Amino acid sequence: MDTTKLPKMLYGGDYNPEQWDESIWPEDMRLIPLAGMNIATVNVFSWAMLQPNEDTYHFETLDRIMDMLHKNGIYACLATSTGAHPAWMARKYPEVLRTDFNGRQRKFGGRHNSCPNSPLYRSLSTQLAAKLAERYKDHPALLLWHVSNEYGGECYCDRCETAFREWLRAKYGTLDKLNEQWNTRFWGHTFYEWDEIVLPNALSEQWSSDRTCFQGISLDYTRFNSDSLLECYKLEYDAIKAQTPDLPVTTNLMGTFKGLDYFKWAKHMDIIAWDNYPSMDTPTSFTAMTHDLMRGLKSGAPFLLMEQTPSQQNWQAYNTLKRPGIMRLWSYQAVAHGSDSVMFFQLRRSVGACEKYHGALIEHVGHEHTRVFRECAQLGRELDSLDTKLLGSRLPSRIAIMYDWENRWAIEYSSGPTIDLKYVDEIHNYYRALYEQGHQVDIVSFEEDLSPYAIVLAPVMYMVKPGMAARIEAYVAAGGKFVTTFFSGIVNENDIVTLGGYPGELRGLLGIWAEEIDALFPGHHNRIVMKDSLGNLQGEYKCSILCDLIHSEGAEVLAEYGDDFYKGMPVLTRNRFGSGEAWYVASSPDADFLQGFLGALCDSSNIKPLPGKQPGVEVSLRSREGRSYLFVLNHNAAEVTVELGEFAGVDLITGTAVSGQVPLAGCDVLIIEQFA
Ligand SMILES: [Zn+2]
């Protein structure tokens, strides 16, 4: 989707008028534009209304909603309603129901409740999408398609089991190959017929959702399940595209959600859209990282913030209000990281069921004289004044962090060496060290072209997929700086260990051999003792979780362990390889180490931080056609004085020229267009 063609930044959110008496609609049409909104996501959960039984379709209500939106100058992000099937379908066709991890077939209820391999679900959902596309293809309100909603969950039914065997047959070709890659001679689990293979759940190989006897089976099931749901999405996508080839189609993703390989999904989406629901105590760096991950799904293309709450959520244990200014600040944070929209769940707060305490533009009181409405309306005026300036602009970066869902699944299915290793947390540790120093980062897939980057970080690259080692070697040989860490290069794409010494295929590049891996108890640590200083990195630091016991095989040793029987063994190494450098960090270091280490790496690559960075203040830069826009976000409650250095321009929100030292109130934002 080319967002540069949009007339304005998109501002709006989920709107469910079909859940209300129509007499309230005119008031909605007064209030939504009053808040400056220009888009409504409609029809997300309307399957039961659109199709009250198998043979009957009723589109009249949706017709009136679409016409009403158009009449009031509001675009429709039109959903297909297939995120929850109707009750009649479950009763008539129990095959559409999912079977859970414990092997129990579900009854009707909840959402994400359809078996992704049910032929009936697939045909009925695709049929509904096709009918919607046919009916609304020329509707003037229609801007964007929204397939289903927040895909996720698993199914362990017999149909999924049969489909899994077919998926495996396509992947491995022969049972011999499958037995080898799953190492089924372990415990005598060798398969002689395809039908002997069963799904890994509580009835078979897994004793919990993330603990398994056979990582290979569980890893393949997770891939298969992601593919099964993706297939459902693609069927609807194709049905829509057949009618409206020029309209963009998306679905709403969920950031670091574990169950789906979003890089694979992104190839079938016209624009990335995602739902951002941080808790009030989520670090701002974590939210920033998640936005960057979503931007990375399509190699840096702008995305849509599809949902966030204007005030509070309902599904967390403690649903704190967003304090005054926070909704605006976090909305701009999304824009700062590449969003070309600000959208909410929801526009009118529902009257019953589990989301009635979820925040909304229009609260239960029903009028605009609320704190939340005022804040939304202020943001609406500001976004309107930004016009088209930011649309389509990108975030230039010379630093990339590699991220991979399959790698995460494999790490977190691993039985040993520790249950405390969480892939996303390790990624975040490295991200935060750069964020805290004002460096802009891209998050990229294992497949991404690395050549634009001076520095590539790959924390815990446990799984090395075919061809990857050679690509990384070529990148480093050509002058790149590559950093990886403990527990890397251990297995192939099927979780089979690469023999001949860790880190396997990366061993030659890194110039080290990891002989053993020690797991530390919670609260325990070892010490990183620097041999000499490296930039500001000097003295001692703490490290924890895992410690690789490594030997240099040509790599320069910059720091050693300070404790235990492996005191004096290397913990930080650098191997010069071709024109570049390959670094290994053998344990999980503290934040001070990472700041010093990554600061030194950036210095050595002549990568300068963005201006304006100070504690609690976030900075990012978007640019388009030679114009640069610096975002300065004050996450502190108190006013700060921002130092802009040589950067000078006009603050797009206030229209005033800014340069040098600029006061910035608590929770306030600057978007500075640099003087040409
Ligand atoms: Zn199923």
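Everything below is about the structure shown above.
Conventions and cut-offs
Residues numbered from 1 in each chain as written. Predicted model: local features only at pLDDT ≥ 70, side-chain atom pairs only at ≥ 80, totals over all residues. Heavy atoms only, no water. Donors = N, O, S within 2.8 Å, 3.2 Å for Na, K, Ca; no water. Helix = DSSP H or I, 4+ residues; strand = E, 2+ residues; numbered from the N terminus. Buried < 20%, exposed > 50% of the residue type's maximum accessible area, 1.4 Å probe, protein only. Polar contact = N/O pair within 3.5 Å; in protein donor to acceptor, adjacent residues only side chain to side chain. Contact = heavy atoms within 4.5 Å. Expected span 1.5 Å × (residues − 1). Pairing = 2+ DSSP bridges. Salt bridge = Lys/Arg side-chain N within 4 Å of Asp/Glu carboxyl O. Core = buried A, V, L, I, M, F, W, Y, C linked by side-chain atoms within 4.5 Å.

Novice: I'd like a description of the coordination of the zinc ion, backed by residues and values.
Specialist: Protein ligation of the zinc ion involves Cys115 (SG), Cys155 (SG), Cys157 (SG) and Cys160 (SG), the donor distances falling in the range 2.3 Å. The motif formed by the donor residues of the zinc ion, counted along the single chain, is C-x39-C-x1-C-x2-C. Residue Cys115 is found in the loop between α4 (87-92) and α5 (119-136), and its partner Cys157 is found in the loop between β4 (142-146) and α6 (158-172); the two are separated by 42 residues along the sequence. Taken as a pair, Cys115 and Cys157 share a single burial class, namely buried.

Novice: Which residues make up the side chain of Asn494, and what values do they have?
Specialist: Considering the arrangement of structural elements, one finds Asn494 in the loop between β15 (481-485) and α16 (507-510). With a relative accessible area of 4%, Asn494 lands in the buried category. For Asn494, the side chain forms a polar contact with the side chain of Tyr172, separated by 3.2 Å. When sequence neighbours within four positions are dropped, the list of residues in contact with Asn494 reads Lys171, Tyr172, Gln181, Gly216, Leu219, Asp220 and Arg223.

Novice: Any chance you could break down helix α3 (residues 60-71) for me, citing the residues and the numbers?
Specialist: A rise of 1.5 Å per residue sets the reference length of α3, with its 12 residues, at 16 Å; its end C-alpha atoms lie 16 Å apart and thus fit the reference within 8%. Among all positions of α3, only Thr61, Leu62, Asp63, Ile65, Met66, Met68 and Leu69 are buried. Buried positions along α3 lie against α1 (25-34), β2 (39-42), α2 (47-50), β3 (75-79), α5 and β4. One or two steps after α3, the chain reaches Gly73, where phi turns positive at roughly 70°.

Novice: Explain unusual backbone geometry to me, using residue names and the numbers behind them.
Specialist: Residue Phe345 is joined to Gln346 through a cis peptide bond whose omega torsion reads 15°. Its place among the elements puts Gln346 in the loop between β11 (341-344) and α12 (371-386). Cis rather than trans, the peptide bond between Gly416 and Pro417 has omega equal to -5°. Mapped onto the elements, Pro417 comes out in the loop between α13 (405-413) and α14 (423-435).

Novice: An account of the pairing of β15 is needed here, citing residue identities and associated values.
Specialist: A regular strand places its side chains on the two faces of the sheet in alternate fashion. Here β15 lies mainly inside the structure; five of its five residues are buried. Across the two faces of β15 the burial is the same, with Lys481, Val483 and Thr485 and Phe482 and Thr484 all buried. With four bridges joining them, strand β14 (residues 455-458) and β15 adopt parallel strand pairing. Pairing of Ala458 across the sheet is with Thr484, part of β15.

Novice: Can you lay out the pattern of salt bridges for me, pointing to particular residues and giving the numbers?
Specialist: Taken as a whole and judged by the stated rule, the model has 41 salt bridges. The closest approach of N and O atoms between Glu673 and Lys389, which form a salt bridge, is 2.9 Å. One end of the pair, Glu673, is in strand β29 (residues 669-674); the other, Lys389, is in the loop between α12 and β12 (399-402), and 284 residues separate them in sequence. Taking the relative accessible area as the measure of exposure, Glu673 reaches 8% and is therefore buried. Among the salt bridges present, the one from Arg507 reaches Glu553, with a minimum N-O distance of 2.6 Å. In this pair, Arg507 is assigned in helix α16 and Glu553 in the loop between β18 (540-552) and β19 (556-561), connecting sequence segments 46 residues apart.

Novice: Account for the nonpolar core, naming residues and giving values.
Specialist: The nonpolar side chains of soluble globular proteins are, as a tendency, buried together. In this structure, Tyr15, Met461, Phe482, Leu572, Phe593 and Phe597 are the most contacted members of the largest nonpolar core, which totals 189 residues. For Phe593, the contacting residues outside a window of four places in its chain are Ile528, Met530, Leu537, Tyr541, Leu572 and Val585. The next biggest cluster of nonpolar side chains, apart from the first, holds 22 residues, and it includes Phe101, Cys115, Cys157 and Trp167.

Novice: Go over the sheet that holds β29 with me, naming the residues and quoting the values.
Specialist: Across the sheet, which stays open at both edges, the five strands sit in the order β23-β24-β29-β26-β27 with antiparallel pairing between neighbours. Among the strands making up the open sheet, the edge pair consists of β23 (617-624) and β27 (657-658).

Purely spatial values, then, with no claim about function.
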